[in-house]
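Residues per chain, in single letters:
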Amino acid sequence: MDFMNDMEEIKISELAGRFPIIKELQAGKEIVWINPDKTDHESSMRDSGLTMQDIEDAEQRLQRFAPLIMKYFPETRDCGGIIESALTPIPAMQEYINKKYRSRLEGKLLLKQDSHLAIAGSVKARGGIYEVLKHTEELALKNGLLRKGDSYERLAEEEARGFFGRYTIQVGSTGNLGMSIGIMSAAVGYKAIVHMSADAKQWKKDLLRSHGVEVVEYESDYSEAVKKGRVLSDQDPMSYFVDDENSQDLFLGYAVAAKRLTGQLAGLGITVDAEHPLFVYLPCGVGGAPGGISFGLKQVFGELVHCFFVEPTQAPCMALGMITGLDNKICVQDIGLTGQTHADGLAVGRPSGFVGSVMKHMLSGEFTVVDARLYDYMRELLRTEDIFLEPSACAAFQGSIWLNQKKETLQYLGENDLLDKMNHAVHIVWATGGSLVPKEVQEEYRNTFLD
Ligand SMILES: *Cc1c(COP(=O)(O)O)cnc(C)c1O
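Right, let's walk through the structure included here. Quick caveat: nothing in here was measured; it's all calculated off a predicted structure.

Observations concerning the packing of aromatic side chains
Phase 1: Using the criterion set out here, one finds 12 aromatic pairs in the structure.
Phase 2: Centroid distance Phe308 to Tyr412: 5.8 Å. Interplanar angle 75 degrees. Geometry classified as edge-to-face. Here Tyr412 lies in helix α18 (residues 407–415) and Phe308 lies in strand β9 (residues 305–312), a separation of 104 residues in the sequence.
Phase 3: Take Phe308: its relative accessible area is 1%, and that puts it in the buried class.
Phase 4: Ring pairs connect the aromatic residues Phe163, Phe164, Tyr167 and Tyr190, which therefore count as one cluster.
Phase 5: Note that Arg379 overlies the ring of Phe449, its terminal NZ or CZ placed 3.8 Å from the centroid.
Phase 6: Seen from the ring of Trp402, Lys406 lies directly overhead, with NZ or CZ sitting 4.2 Å from the centre.

Notes on the nonpolar core
Phase 1: Residues Leu155, Phe164, Met184, Phe295, Leu297, Phe397 and Trp430 are the most contacted members of the largest nonpolar core, which totals 151 residues.
Phase 2: Broken down by element, this core gets its largest block of residues, 10 residues, from helix α11 (residues 248–267).
Phase 3: Excluding residues that lie within four positions of it along the chain, Phe397 makes contacts with Ile90, Met93, Leu111, Tyr377, Leu381, Leu389 and Val429.

Some points on helix α12 (residues 288–301)
Phase 1: Across its 14 residues, α12 extends 19 Å between first and last C-alpha, which sits within 8% of the 20 Å expected from 1.5 Å per residue.
Phase 2: Of all 14 residues in α12, 13 are buried; the element is thus mostly enclosed.
Phase 3: Two residues or fewer past α12, Gly302 is found with a positive phi of approximately 55 degrees.

A look at the pattern of salt bridges
Side chains that differ in charge, positive against negative, can pair when their charged atoms come close.
Phase 1: In the structure shown here, the tally under the stated rule is 27 salt bridges.
Phase 2: Residue Glu84 is joined to Arg260 by a salt bridge in which the shortest nitrogen-to-oxygen separation is 2.9 Å. With Glu84 in the loop between α4 (52–72) and β2 (87–89) and Arg260 in helix α11, this pair connects stretches of sequence that are 176 residues apart.
Phase 3: We classify Glu84 as partly exposed; its relative accessible area is 22%.
Phase 4: A relative accessible area of 15% means that Arg260 is categorised as buried.
Phase 5: Of the charged contacts in the structure, one is a salt bridge between Asp150 and Arg154, with a shortest N-O distance of 3.4 Å.
Phase 6: For Asp150, a relative accessible area of 23% puts it in the partly exposed group.
Phase 7: Each of Glu84, Lys112, Asp114, Arg126 and Arg260 takes part in one network of salt bridges that share partners.

Quick notes on the rules
- Every chain begins its residue count from 1, and numbering advances along the sequence as written.
- Restriction of local features to residues with pLDDT of at least 70 applies here, the model being predicted, together with a cutoff of 80 or more for giving and counting side-chain atom pairs; totals for whole chains, interfaces and linings are based on all residues.
- Just so you know, side-chain values use all the structure's heavy atoms and leave hydrogens and water out.
- Put simply, two rings from Phe, Tyr or Trp (the six-membered ring, in Trp's case) pair if the centres are within 6.5 Å, and we call them stacked under 30 degrees between planes, edge-to-face over 60, tilted for the rest.
- Secondary structure counts use DSSP, requiring at least four H or I residues in a row for a helix and at least two E residues in a row for a strand, with both numbered from the N terminus.
- We call a residue buried when its accessible area falls under 20% of the maximum for its residue type, exposed when it is over 50%, and partly exposed in between, using a 1.4 Å probe and counting protein chains only.
- Any Lys NZ or Arg CZ found within 6 Å of a ring centre and within 35 degrees of that ring's normal is scored as a charge over the ring.
- Buried Ala, Val, Leu, Ile, Met, Phe, Trp, Tyr and Cys residues that are joined via side-chain atoms within 4.5 Å together make up what is termed a nonpolar core.
- Contacts between residues were defined by any pair of non-hydrogen atoms, one from each residue, lying within 4.5 Å.
- Expected span of a helix, by definition, is 1.5 Å for each gap between consecutive residues, and there is one gap fewer than residues.
- The working definition used for a salt bridge is a side-chain nitrogen of Lys or Arg within 4 Å of a carboxyl oxygen of Asp or Glu.

Right, here's the structure in full:
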């Protein structure tokens, strides 16, 4: 065992020698990292192995399920059973961060409110729900529950529900993925089991149980909960495991967001073109949500969009994987970080290897953020715009605040001929969760001040 540790230490100090920014990560400092492997748009897409066709296929599947979603979740009737969130200008927050943090943000600052997505109240309502529906369609077609031309409402009939009741869906989660998979699975009629890591909040477990979902609690972190959940699921031939670390279905469910964003921007009279570049800041955990959305955005906007991930200083797993090129072969604990953070949605120690490889040539860069700031950003958004987000979601603000003031990002803007275009840039802070947080927990967050 000691021998192993020595080996590890030598390897890590070697890595830190090759990539000096690792020393900053190890010290728990906030970093800015520009991805040196980003390539031109076309070759990055070729390397990804996924296409626009894959996203369109996902979008059409969601459309087929819209009647069933409306039936089970009447709150989605207004938008025809399509689960989508508002894109909202936040000028008061923009003015505030420019003053307080000297962000020098010109152009437009917008909030993408996945925090308020129907059913699950987080970005996970995209990928998680999509994967449950895709599995449902496969089972239904294979077993003759749907005939050509049928409305998918048919799946709400007793015969179909009885059929789905013989099947189980399981997932490992820090909280929000479990909520989206659990609520949707239970609605369709499956037995749902969610394996929750120690970071998961009590109210999320309670809410799931109230939907009839079985919640299994672990003392360990996210990766352990996933591992145990997978083993249990694999023992049961009637059980399907949603694999957050490797699932292409989840990824494509997230990617659909991008196509719909074009219509929303147009609706606001906002142009994205060579003179109006688009910057998007996304909180990152295992990588599926920010990766899938970024992939979709790159498909739609190509070179015009610049995607940045933001992670907690104690759980910068995607940054570590991408900086070293080791992807999921390294975890934050390997460099002495705890993996623990108040941002429960981002409390992931080991990144998705699949997402790391797709993002390798697409991602513009990464920021990390200390937990204390998440609560500050949360209070500031609430005060200036009267919008509540959970702490994890607030991580995205770090990118918008730092873009125009850090030497690394300024150099990126310079090298990409963007400096003289920043006065008409469009910035989207991707708000990933918060609308289901109970009032008393919101109150607790509002009164949390960390050093
Ligand atoms: C899950 C989650 C994320 C990040 O998604 P990953 O797929 O884990 O990278 C960001 N914010 C919130 C609130 C989340 O629940």
